[in-house]
Amino acid sequence: MKIAEVFLNQTNKRIDHAYDYRIPPHLEAVIEVGMRVVVTFGFGNRRVEGFIIRIKETTDYSGRI
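Residues numbered from 1 in each chain as written. Predicted model: local features only at pLDDT ≥ 70, side-chain atom pairs only at ≥ 80, totals over all residues. Heavy atoms only, no water.

### Details of the sheet that holds strand 3 (residues 36-41)
Pairing within the open sheet is antiparallel, and its 4 strands lie in the order 2-1-4-3. Unpaired on one side and paired on the other, strand 2 (18-22) and strand 3 mark the two borders of the sheet. Here the average twist between neighbouring strands, direction ignored, is 50°. (Pairing = 2+ DSSP bridges. Helix = DSSP H or I, 4+ residues; strand = E, 2+ residues; numbered from the N terminus. Axes fitted to C-alpha atoms, helices over the stretch in contact; angles between N-to-C directions.)

Okay, here's the thing in structure tokens:
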């Protein structure tokens, strides 16, 4: 499983850091660092623009990815 570290394109200082998102297997071959992506965020699953800053194999986050 590959994980994309995504920095959200938001001005809210409370979410001013990167978040981990699981890359679906069918997209692993095309996802690259620097790509602009749309991800779901928050309890309402609202769609937010972000940028991939790193691709990694593991995450330190213990919740649902």
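Once you've had a look at it, read on.
### A look at the pairing of strand 1 (residues 3-8)
Most of strand 1 sits inside the fold, with 5 of its 6 residues counted as buried. Relative to strand 2, strand 1 is paired through 5 bridges, and the arrangement is antiparallel. Following the sheet pairing, alanine 4 is matched in strand 2 by tyrosine 21. The pairing of strand 1 with strand 4 (residues 46-56) spans 6 bridges and is classified as antiparallel. Bridging across to strand 4, phenylalanine 7 finds its partner in phenylalanine 51. (Buried < 20%, exposed > 50% of the residue type's maximum accessible area, 1.4 Å probe, protein only.)

Remember that the coordinates give geometry; whether it matters functionally is a separate question.
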